[in-house]
Amino acid sequence: MFKNNKPQLLLFILLSLFFSIHSFSQKNLYAGIEIGRRAIKTSVLDVSNIRKADYKILYFSNERISLADHVTAQGEFPEDDVNKITAIIVEQINKIRTEFKVPEANIFIVAAPVFSAARNIDALKNKITTLTNKDVDVLNVNEEPKTLVKGAIPPVDYANAFLLDIGAQTTKGGYIDELEDDKLEFIPLELDFGTMTLTDAVKKTVANPNQANDMATYQEKSFDFNPVLRKKIKVMLDANPLLLKKEKMYLSGGAVWAFATLYYNENVKEHYVSLNLEDVINYDAILKNNFVKFTNLAKTNKEAARVLSTYDQQYLISANNILLSCLESIPNLDTKKIYFVKEGQTIWLISYIADRSKKVNTKF
């Protein structure tokens, strides 16, 4: 009887194995939609090993829309923005569900902290939930440094690394201190200069406002302002002697993205790009003395063009002043490994996944 049913039995075993593997593989799929300051970003990840931050990006969408500017001007989302946001999210959710078969428990929607002040944020959240059956989390600005560390640093490196994220308004990050009884404590880092705020601060030192946009004047004043920047960085480092013992330094944010894109001028596939101080110094010289090299590059390189459409030369100089000053202020930098977190758009999603993993301790 077994011989007579052998083909059917074999087919049954193969089908069972196929569906078991397929079912298991779906558990490794995660999707996140972020309502950001200037865009709505969607990512679908296939996570092989969350402790090592080993994952593949199966899909990424970036729908650009200046939401934060509209909320700042009006105190709420204009009706047109609400309609655009919900339409984009419904479309992306349908794609996530039908094309990638991501489990419902692994689909997340978040809004940037800046939108917590919008008067109609609850109305927007309720509309999205009604149309998608998914809740919307508004990221907590006070938890942002911790979210950055959990999502930017591979969990296997939590105890031996620190993070700095150079943003538009501030530079944030942090590190983890190992206490007794296997307990962990999160130590936040913050520098009250970011790419745009540093640029504004430098411009205020120009006596004649008509010369604020003159590149020669700006570069002179930017150079003069560097001691102020370095002093603030020193205060931050002196207050956190433990981070200097860390062997690895992770960097994220627009400043580092601009550097890696313009200077390396190649499509780096790794999620973490190794950096060194000499390259940052060479890039700084090009920014200030041969900027035409990057404007020419942008004519044929889409990523370079995206950088120059996001930042003008003044912003790029400020961004790299922060990056370079931070690196030069770290004692024994040559003994540390420095990495650029290339996939900045997935940081919050990786943080969410780590929080839900039994293999990672994020209780800090």
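None of these values were measured; they are calculated from a predicted model.

Reading the values: the criteria
Residues numbered from 1 in each chain as written. Predicted model: local features only at pLDDT ≥ 70, side-chain atom pairs only at ≥ 80, totals over all residues. Heavy atoms only, no water. Axes fitted to C-alpha atoms, helices over the stretch in contact; angles between N-to-C directions. Helix = DSSP H or I, 4+ residues; strand = E, 2+ residues; numbered from the N terminus. Left-handed = near helix turned anticlockwise from the far one by under 90°. Contact = heavy atoms within 4.5 Å. Patch = residues over 30% accessible without salt bridge, like charges linked within 9 Å, V, L, I, M, F, W, Y side chains within 5 Å. Areas by Shrake-Rupley, 256 points an atom, 1.4 Å probe, with all protein chains shown as cover. Salt bridge = Lys/Arg side-chain N within 4 Å of Asp/Glu carboxyl O. Lys, Arg positive; Asp, Glu negative; His and termini not counted. Charge placed at Lys NZ, Arg CZ, Asp CG, Glu CD. Buried < 20%, exposed > 50% of the residue type's maximum accessible area, 1.4 Å probe, protein only. Phe/Tyr/Trp six-rings, centres within 6.5 Å; stacked < 30°, edge-to-face > 60°. Pairing = 2+ DSSP bridges. Core = buried A, V, L, I, M, F, W, Y, C linked by side-chain atoms within 4.5 Å. Parallel < 35°, antiparallel > 145°, perpendicular 65-115°, else oblique.

Asker: It is not clear to me how the packing of helix α7 (residues 215-238) against helix α12 (residues 313-329) should be interpreted in this structure. Could you clarify?
Answerer: Pairs of packed helices are described in terms of their axes, by the angle between the two and the distance that separates them. With their axes 9 Å apart at the nearest point, α7 and α12 run at an angle of 35° to one another. At the point where α7 passes α12, the crossing takes the right-handed sense. On the side of α7, the interface is formed by Met 215, Tyr 218, Gln 219, Ser 222, Asn 226, Leu 229, Arg 230, Ile 233 and Leu 237, while α12 contributes Gln 313, Gln 314, Ile 317, Ser 318, Asn 321, Ile 322, Ser 325, Cys 326 and Ser 329.

Asker: Just to check I follow, could you spell out a negative patch on the surface for this structure?
Answerer: The grouping of Glu 178, Glu 180, Asp 181 and Asp 182 at the surface amounts to a negative patch. The topology assignment puts Glu 178 in strand β7 (residues 171-178). Given the relative accessible area of 54%, Glu 178 is considered exposed.

Asker: Any chance you could explain the packing of aromatic side chains here in plain terms?
Answerer: A full pass over the atoms with the stated rule returns 17 aromatic pairs. On the numbers, 5.6 Å between centres and 70° between planes, the contact of Tyr 263 with Tyr 264 is edge-to-face. An aromatic cluster of three or more residues is present, and its members are Phe 259, Tyr 263, Tyr 264, Tyr 283, Phe 291 and Phe 294.

Asker: What is the right way to look at the sheet that holds strand β10 (residues 272-275) in this model?
Answerer: The strands making up a sheet associate through hydrogen bonds between their backbones, and the pairing can be parallel or antiparallel. As summarised here, the arrangement of the 6 strands in space is β8-β7-β6-β9-β11-β10, forming an open sheet in which the pairing is mixed. Each having just a single partner strand, β8 (184-191) and β10 make up the two edges of the open sheet. Strand-to-strand twist across the sheet, computed as the mean angle between neighbouring axes with direction ignored, equals 25°. Across the sheet, helix α5 (residues 144-152) is in contact with β6 (161-166), β7, β8, β9 (248-253), β10 and β11 (337-341); its angle to β7 comes to roughly 70°.

Asker: Would you mind showing me how to read the nonpolar core here?
Answerer: General note: in soluble globular proteins, nonpolar side chains tend to be found buried as a group. Among the nonpolar cores identified, the biggest contains 53 residues, and Leu 251, Leu 275 and Leu 316 are the most heavily contacted of them. Beyond its immediate chain neighbours, meaning those up to four positions away, Leu 251 contacts Leu 163, Leu 164, Val 256, Leu 275, Leu 323, Leu 327, Ile 338, Tyr 339, Phe 340 and Val 341. Counting residues in each nonpolar core, the second largest holds 31 residues, with Leu 45, Leu 148, Leu 163 and Val 341 among its members.

Asker: It is not clear to me how unusual backbone geometry should be interpreted in this structure. Could you clarify?
Answerer: Trans is the common state for peptide bonds, and a negative phi is the common state for residues other than glycine. Its identity is not glycine, yet Lys 101 carries a phi of approximately 55°, on the positive side. Along the chain, Lys 101 turns up in the loop between α3 (79-99) and β4 (107-111). The partly exposed category is assigned to Lys 101, whose relative accessible area is 47%. Located in the positive-phi region is Asn 332, a residue other than glycine, with phi close to 55°. Looking at where Asn 332 falls in the secondary structure, it is placed in the loop between α12 and β11. Residue classification places Asn 332 among the exposed residues on the basis of a relative accessible area of 57%.

Asker: I keep staring at the pattern of salt bridges and nothing clicks. Help me out?
Answerer: Side chains that differ in charge, positive against negative, can pair when their charged atoms come close. Inspection of the entire model under this criterion finds 14 salt bridges. The partner of Glu 144 in a salt bridge is Lys 172, with the nearest N and O atoms 3.1 Å apart. With Glu 144 in helix α5 and Lys 172 in strand β7, this pair connects stretches of sequence that are 28 residues apart. Within this structure, Arg 97, Glu 104 and Lys 134 form a network of salt bridges that share partners.

Asker: What should I look at first to understand the sheet that holds strand β3 (residues 54-64) in this one?
Answerer: The strand order β3-β2-β1-β4-β5 describes an open sheet built from 5 strands, whose pairing is mixed. Strand pairing shows two members of the sheet lacking a second neighbour, β3 and β5 (136-138), which therefore form its edges. Each neighbouring strand pair of the sheet contributes to a mean axis angle of 20°, computed without reference to strand direction. Of the strand pairs in this sheet, strand β2 (residues 39-49) and β3 are connected by 10 bridges, and their pairing is antiparallel. If you follow Ser 43 over to β3, its bridge partner there is Phe 60.

Asker: Which parts of the structure should I look at to understand the packing of helix α8 (residues 254-264) against α12?
Answerer: Contact geometry of α8 with α12 gives a least axis separation of 9 Å together with a crossing angle of 105°. When the axes of α8 and α12 are compared, the pair comes out roughly perpendicular. From α8, Ala 255, Val 256, Ala 258, Phe 259 and Leu 262 reach across to α12, where they touch Leu 316, Ala 319, Asn 320 and Leu 323.

Asker: Any chance you could explain the environment of Leu 163 here in plain terms?
Answerer: With respect to the element layout, Leu 163 can be found in strand β6. Remark: the alpha-carbon pair of Leu 163 and Ser 351, spanning 188 residues in sequence, is separated by 14 Å. Not counting residues within four places of it along the chain, the set of residues in contact with Leu 163 comprises Leu 148, Val 149, Ala 152, Ile 153, Lys 172, Gly 173, Gly 174, Leu 189, Tyr 250, Leu 251 and Ser 252.

Asker: I keep staring at helix α13 (residues 347-356) and nothing clicks. Help me out?
Answerer: Think of an α-helix as turning once every 3.6 residues; residues three or four places apart then point the same way. Burial analysis of α13 places 8 of its 10 residues in the buried class, which makes it a mostly covered element. The complete set of buried residues in α13 reads Ile 347, Trp 348, Leu 349, Ile 350, Ser 351, Tyr 352, Ile 353 and Ala 354.

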